[in-house]
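# Residue-level structure breakdown
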Amino acid sequence: MRYAETGFNLEIDLSTGSIEKVATDPRDTELYLGGQGMAAKILYERVPPDVDPFSPDNLLIFSTGLLHGTPVPAANRTVVNTFSPQTNLMSHSLFGGFFGPELKYAGYDRIIIRGKAPDLVYLYIHNDKVEIRDATHLKGKGSTETGDLLKTELNDQKVQVAAIGLAGENRVYMASIEHNHASAARGVGVIMGDKRLKAIAVRGTKDVNIARPAELFEMSQAMHKKIGEGDGNGDWMAVDEDDSFHHNHFAWGNARTRRKDYWSDELQQRWTNWKYDHMDRQTGCYNCPKKCRNVIKWPGRPRFGYKCFGKDTYHMAAFLELDFSFEILGVAQEYGVDSYSTPQVIAFALELLEAGILTDKDFPEMPADSRGRFFYLLEKIVRREGIGDILADSVSHAAKRIGKGAEAFDHNTTKKFEQLPIKLGRLNPAYFLMIATGEKMSITQIEGSFPQDPLPTKEQREAFVSKWEAPPDEKFKKYFLEWEKRSDISDQATCEIVDWNEAMHYIDDSTGLCGFVSSFRGQFGGGVAYHMNNIPQMISYATGMAMDKEALWKTFQRIRTLVRAVNVRRGLRRKDERPPEDHWAVRDEKYEQELLSKYYGFKGWNFEGIPNRQTLERLDLAYVADDLERRGILAVDEGVSA
């Protein structure tokens, strides 16, 4: 009997219409857990590096986490992986809600989709009943609208739907996949649209077997209480109305302008009133006591949900206020575009207009005001009309197509992907490494276990450490106690901190745990529910596998190294690993490159960031070493012990 997982993948070929239920190897679960770990293995083995992201041979994989469908609270993050046309690298995306657990209850650990449908289709899954159905009647429909229509069509309000909007249908690079006011972005919606897959509707009523149900239930009940009653879990930004951090420290417009003293008590009160005067409700995800998503109904606009920094991106890019974000977010989410990158693309276009690189001829009949211009360009982008057809390919690709000096205005991308618009003073060494070497394309998917800044006094640091449950080793407490200035920390400590930050996210993304009760919240001290010290026990109770902290850490290293191998096989090299040039005001090229080399060595990678054979063999990835050597990417005998 398989525990915590179903033991089956659902294989869909949209070109031929074939549907297969395929049994999986339990040994893979031991090595990769689930979620992104298994997706990385599948992509490495089944998608050769020369396959174009828009090829029918590219795969789109929806994965449940190993702990989905178990009593473990807040295990609900569905992982979507593919190869992105924006970066040509492995695309990593997550969305919350109910989809992943529902898929596991239907009897599947993941859906693996290849090929392209002749016309728009949707996938209907109800336990063992799986059908590819016509979706031409849904063409042009909004993402949430599509979900509502399918629930009516299927006569089942409990069906869980993940859908694309018009942006996905038109292969906009910033297209997202939407489910229950949760978004999967960073290169996956465009591939779903390229495959002409409008939606996936899932309904499941099967059981998930647990190896040690009594012990897991008892531990889960304690976690449920801890998450629900404490303030150390969940997205505090859903209820904290003081958003001075983002507005005073993040950049506005095309990620250039910082307004340090923007926030005020008067502004906070005005924005709080807008929020609560128009709030429909607050919602949470499957089996989680927190309600992290604010659902807003703005007059005359579609209802939408937001969390975290997502509510700020449009008005900050447009130099407006929160009411503008509330006005445009419902429209943008129905179109299905990423709210982190799309506003930057629009602001980039307007800055090119101001600089004379683009002219009024490129924007026929565009309104003169900022609000009107953002709506105008959003429409052009999602429909790929006029200048929108160029902008729909993201900042880096659009800058190259436009030319005439536009490349100089592409100053906030890494590996061709838009970063959070942060502009700070002195470099933070750990964040330099995370942004440079991270392969999830967003710092929020890498940071979170170790604090971003030191506390000013020894007494404050000691108080923090006394309640800090998350560190997997006492050395991290020592590092924090001795840390006094952001830019002043040893290279060894920096490497270990980055490694720990990554470890937690890669484990969350394979087990399905939400970062707001795990990887992202450890940086705030005591109270976080999940960490390296208790996740192994959860996995053991759920699966029956022997798991301890050492084994889980090695599993993280295996998954992380495999993702790196997937990308270096597609051409990722050291030259690509640069944060935006003006991310920090003070830069030191010599130090940055020395630190990058030390981190590569710490990870067991060579000068170009390619894992060496010794590292790969230690992590049970000898087949990867063989492949990289055969392709001439890794020198024969490189990294082999004498």
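Since the structure is predicted, the reported quantities are computational estimates derived from the model, not experimental observations.

Right, let's talk about the layout of surface pockets for a bit. If a probe as big as a water molecule is rolled over the atoms, it shows which places are left empty. Approximately 860 Å³ is the volume found for the largest pocket. The biggest single contributor to the lining of the largest pocket is helix α8 (residues 244–249), with four residues. A breakdown of the residues in the lining of the largest pocket according to their chemical character gives 21 nonpolar, nine polar and eight charged. Lining the lining of the largest pocket are residues from two domains, each supplying at least three of them: domain 2 (242–410) and domain 3 (424–612). Size it by volume and the second largest pocket reaches roughly 420 Å³. Lining the second largest pocket are 22 residues, and of these T414, K415, K416, K575 and D576 sit closest to its centre. Split by domain, the lining of the second largest pocket shows at least three residues from each of two domains, domain 1 (8–203) and domain 3 (424–612).

Many analyses report the size of an interface as the accessible area lost when the parts associate. Each domain of the protein was delimited in the assignment, giving domain 1 (8–203), domain 2 (242–410) and domain 3 (424–612). A straight line from the C-alpha centre of domain 2 to that of domain 3 covers 29 Å.

Our focus in this paragraph is the environment of E482. Here E482 is to be found in helix α18 (residues 474–482). On a C-alpha basis, the gap between E482 and N180 in space is 44 Å, while along the polypeptide they are 302 residues apart.

Glancing now at the packing of helix α2 (residues 35–46) against helix α21 (residues 549–568). The relative placement of two packed helices comes down to the angle between their axes together with the axis-to-axis distance. The contact between α2 and α21 brings their axes to 9 Å, and the two run at 35 degrees. When the axes of α2 and α21 are compared, the crossing they make is left-handed. Judged by residue contacts, G37, A40, K41 and Y44 of α2 engage I559, L562, V563, A565 and V566 from α21. Of the residues contributing to the contact of α2 with α21, the split by class is seven nonpolar, one polar and one charged.

The strand order β15-β16-β17 describes an open sheet built from three strands, whose pairing is antiparallel. A single partner strand is all that each edge strand has here, and the edge strands are β15 (279–283) and β17 (304–306). Averaged over all pairs of adjacent strands, the angle between strand axes in this sheet comes to 25 degrees, irrespective of strand direction. Pairing of β15 with strand β16 (residues 293–296) involves four bridges; the strand directions are antiparallel. The residue of β16 that forms the bridge with T283 is R293. Contacting β15, β16 and β17, helix α9 (residues 265–277) crosses the sheet at an angle of about 85 degrees to β15. Where helix α11 (residues 322–335) meets the sheet, it contacts β16 and β17, and its direction lies at approximately 110 degrees from that of β17.

Conventions and cut-offs
Residues numbered from 1 in each chain as written. Predicted model: local features only at pLDDT ≥ 70, side-chain atom pairs only at ≥ 80, totals over all residues. Heavy atoms only, no water. 1 Å grid on protein atoms, 1.4 Å probe; cavity = no way out; pocket = protein on both sides within 12 Å on 5 of 7 lines; lining within 4 Å. Points joined across faces, edges and corners; volume = space filled by probe spheres on them. Helix = DSSP H or I, 4+ residues; strand = E, 2+ residues; numbered from the N terminus. Nonpolar A, V, L, I, M, F, W, Y, C, P; charged D, E, K, R; others polar. Domains from an automatic or database assignment. Axes fitted to C-alpha atoms, helices over the stretch in contact; angles between N-to-C directions. Left-handed = near helix turned anticlockwise from the far one by under 90°. Contact = heavy atoms within 4.5 Å. Pairing = 2+ DSSP bridges.

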